[in-house]
Amino acid sequence: MTNVSKDALVQELVSIVGKEWVVTEREYMLSYLQDETPEPVRPKAANNLILVKPSSTGEVSKILRAANQARVPVFPVGGRTGLVSACVPTIPGIILSLERMKKLEVDRENLMVVAEAGVTLGDLLRACDEAGLFFPPHPGDEGAQVGGLIATNAGGVRAVKYGVMRNYVKGVEVVLASGKVLNLGGKLIKDNAGYSLLHLVIGSEGTLCVITKAIIKLHPKSEHSVTIIVPFSGRHEALQAVQKILLSGVVPLAIEYVEPDEVNLSAAHLNEKWPVQVGGAQLFIILNAESEEELLVSCEKVSGVCSEIGAGEPVLAETREEQDRVLRIRSNIYTALKPQLIDILDVTVPPSKLGDLMDAVEEIAEKYGVHLPVYGHAGDGNLHVHVMKEEGKAPDYVAKVKSEIYETGIRLGGVITGEHGVGAIRTQELTKATDEAELNLMQGIKKLFDPNNILNPGKVIT
Amino acid sequence: MSKGLKIVVLVKQVPDIEKVRFDYEKGRLDRSSAEAVINPFDLNALEAAAQIKEKIGGVVTAVSMGPEQAKDALRDALARGADEAVLLSDLRFAGADTLATSYTLSCAVRKLGAFDLIICGEKTIDGDTAQVGPEVAEFLGIPHVAYVDEILDISIAEITVKSRLDGDNYVVKMRFPGLITVTKDANVPRLPTLKDKLRSRKAEITVWGMKDLACLDEKQFFGLQGSPTGVAKVFAPTSGKKKGQIVMGTPEEKARRIAEILLKLGASQ
């Protein structure tokens, strides 16, 4: 802490939010000190932290003004479901949790929802569903909060048809480091008034300002959806099918690539059974439509394309319960692998280059004699490569393996991260992979927004 | 005659219980408030039938009682392993309680001819009574085992199952013809293949009304007329307040005190 004593700061925070919403004892803030980043790459949280939970934008503003004057770092946190430690307080300062800010209002006329930052993804999905509307992005953990979803530009499995968080945020209310409250964008489909600060804020991982409220675009709810699982003899066939499906005119919500070992491990972890036990590689495809007929026509089209490549017979999960079950198994591959995981990579390439990326990953695995489990959002070119422990320890080749995978991704026209972000653990890689002029612009922007570097210091750019 | 067993699976179309609303005034589910799905326990019954068919061969017939739209549940059954499907649909079947439902279903099973095994889900999620399966067995005069959570062995003549009742496991061997009701633990229902799904959409579904069941002289047993029970009132139960008591002292003192309390409670029952 700088400028003021911790006691004085605590007193000031108490005067803003009330005594019960300021926590100084470490044992009561343990869950705020980490996210879902695998333990071997997760940075340690600093000592000397204060956790504060405001209930309104006004309180957030006062907290930031006080922190800025005292030059105290502020770490905004959401549901702590991230995978790159973007919210981990790595130096002494204030942890700012917006979990009490949970107001939510669905605007059916404009097909939008206004949600405060602490609204969870689960609450948002339920509210939209009850209103007969649909919020497509689904990054997995429904404990994620709106503020975090926007700050990390979350992606997930439904991006093929509907895009990522950026495609849904039409406006935000933010608090600048100075305490000034700004409204960017609005309930607008078109907005060309000057540079888009809104889109700078989306994906800024808490380094530019604190998001307190958002206007999010919705879709009418599709009445019918189905998940089909298609087995292929191997990876090449599966990836070939992805291209053909995307060209067929059918636009799935998701095309996920899974391999039997990982998906069976996840099923066992959940005490479930994966419904397809054939094929060396499988595609998990979610389709939606206005009628069952339309949906089945799409299924037949997808199946036709896949069978031309020699795919096995697809199976269908049609009921909500069955679809939820298979999606839950798919979404828990990460959780099942986590105890043995060193790092989960998130390299993303143009969809047509995914096969090349996977070939390269296989070559790297062979070169170092390791198993690198992969699965990913095949329709988006977004591959999650897992670097695993060996006999419970991190092997010495880890840095080399990661670096070679990153280099391959960039060589193929991709980026080091497609959805997880940079956070605290990919800053060096970002620096390495980004043009100096671009980095300078990023640093300049950071300085303009946050001249005293109090907002999430040490994250994204250093 | 085909090889293997002749199996009948009884299925019901129910509202999606997570979405359905309750009409407190009428004391009934508002079935129009949610989409209809096949009763989830019936999927376990169909899976059990499909596994038996794979193991020793046979023919699986799905039977359901309901309005025209219950054909969707039967099509689902066809996609998941049933070979043929019969819908019992007649306005005079409407308003049936479990007794009239069981009676109607048993008439249909009789009309189907000789059978070896009837499989039902342990209960339906809209009624939750778990009565229809055993009542069908009683009407047909055949043995039944309810709450089967594992099929241990099956042959052309008999089945050995594990049934869980009141926390105890029973291993029961039953000669055919007989009826079992299966729990969620009995198996993991398979997902239908696209091919089977498409085939089921075009499949012929036999529809039988009252006149087809050859029981016209017994029409007082069908539908509302044949239902001795009805719902008088529906309410959410209120749980009684728990009375906690902390017993202090040495282990011996605590044991003695607890025994005294229990004895006193027992005496007052």
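Residue positions are given per chain, counted from 1 along the sequence in the order it is written. Each chain gets a letter, beginning with A, and each ligand a number, beginning with 1, in the order they are written. Where local features are concerned, this predicted model is filtered to residues with pLDDT of at least 70; where side-chain atom pairs are given and counted, the filter is 80 or more; whole-chain, interface and lining totals use all residues.

A few points about the interface of chain A and chain B
Here is step 1: Of the residues lining the interface, 15 residues belong to chain A; the matching set on chain B comes to 12 residues.
Here is step 2: The helix count covers DSSP runs of H or I at least four residues long, the strand count covers runs of E at least two residues long, and both are numbered beginning at the N terminus. Those elements that provide at least two residues to the side of chain A that touches chain B are α9 (292-308), β15 (315-317) and α10 (320-331) of chain A. In this description, any two residues whose backbone-derived C-beta atoms lie within 7 Å of each other are considered to be in contact.

Notes on the sheet that holds strand β2 (residues 49-52) of chain A
Residue and element names in this part refer to chain A.
Here is step 1: Taken in spatial order, the four strands make up an open sheet running β1-β2-β4-β3, and their pairing is mixed. With one partner strand each, in any of the chains shown, β1 (22-23) and β3 (74-77) form the two edges of the open sheet.
Here is step 2: Pairing of β3 with strand β4 (residues 93-97), which is carried by four bridges, proceeds in the parallel orientation. Among the inter-strand pairings, Pro-76 is bridged to a residue of β4, identified as Leu-96.
Here is step 3: Fitted lines through C-alpha atoms give the axes, limited to the stretch in contact for helices. The angle between two N-to-C directions lies from 0 to 180 degrees. Helix α1 (residues 6-17) rests against β1 and β2 of the sheet, and its axis sits at about 5 degrees to β2. Strands qualify as paired when DSSP identifies two bridges or more between them.

Quick look at the pairing of strand β6 (residues 58-65) of chain B
Residues and elements named next belong to chain B.
Here is step 1: Each residue is classified by how many other C-beta atoms fall within 10 Å of its C-beta atom, where C-beta atoms are placed from the backbone; a count of 20 or more means buried, 12 or fewer means exposed, and values in between mean partly exposed. Of all eight residues making up β6, six are buried, and the element is well covered by its neighbours.
Here is step 2: Sheet topology places β6 next to strand β7 (residues 84-88); five bridges connect them, and they run parallel. Residue pairing across strands places Ser-64 opposite Leu-87, the latter belonging to β7.
Here is step 3: Think of it like this: strands point away, you trace from the first strand over the helix to the second, and a clockwise trace means the crossover is right-handed. At this point the chain moves from β6, through helix α2 (residues 71-79), to the parallel β7, and the crossover so formed is right-handed.

A word on the environment of Tyr-334 of chain A
Here is step 1: Here Tyr-334 of chain A lies in helix α11 (residues 333-337).
Here is step 2: For Tyr-334 of chain A and Glu-36 of chain A, which are 298 residues apart along the polypeptide, the C-alpha to C-alpha distance reads 10.0 Å.

Concerning the sheet that holds strand β5 (residues 104-107) of chain A
Residue and element names in this part refer to chain A.
Here is step 1: Sheet architecture is open: five strands sit in the order β5-β6-β10-β8-β9, paired in antiparallel fashion. The open sheet has two free edges, formed respectively by β5 and β9 (181-185), since each of these has just one partner strand. Averaged over all pairs of adjacent strands, the angle between their axes in this sheet comes to 15 degrees, without regard to strand direction.
Here is step 2: As paired elements, strand β8 (residues 169-175) and β9 share five bridges and run antiparallel to each other. By the bridge assignment for β9, Gly-171 is matched with Gly-185.
Here is step 3: On the sheet, helix α3 (residues 121-130) packs against β5 and β6 (112-116) and is oriented at approximately 35 degrees with respect to β5.

Some remarks on the confidence of the model for chain B
Here is step 1: Per-residue confidence for chain B gives a mean pLDDT of 89, with 91% of residues at or over 70.
Here is step 2: On the interface metric, ipTM, the complex scores 0.74, and its pTM is 0.81. On a range of 0 to 100, pLDDT expresses the predictor's confidence in each residue.

Considerations on unusual backbone geometry
Here is step 1: Of note, the amide linkage connecting Phe-176 of chain B to Pro-177 of chain B takes the cis form, showing an omega dihedral of 0 degrees.
Here is step 2: Inspection of the secondary structure assignment puts Pro-177 of chain B in the loop between β11 (168-175) and β12 (178-182).
Here is step 3: With a phi close to 55 degrees, Arg-71 of chain A is a non-glycine residue in the positive phi region.
Here is step 4: Here Arg-71 of chain A is to be found in the loop between α2 (57-70) and β3.
Here is step 5: Positive phi values are uncommon outside glycine, yet Glu-391 of chain A reaches one of about 50 degrees.
Here is step 6: By the secondary structure assignment, Glu-391 of chain A is in the loop between β18 (382-388) and α13 (398-411).

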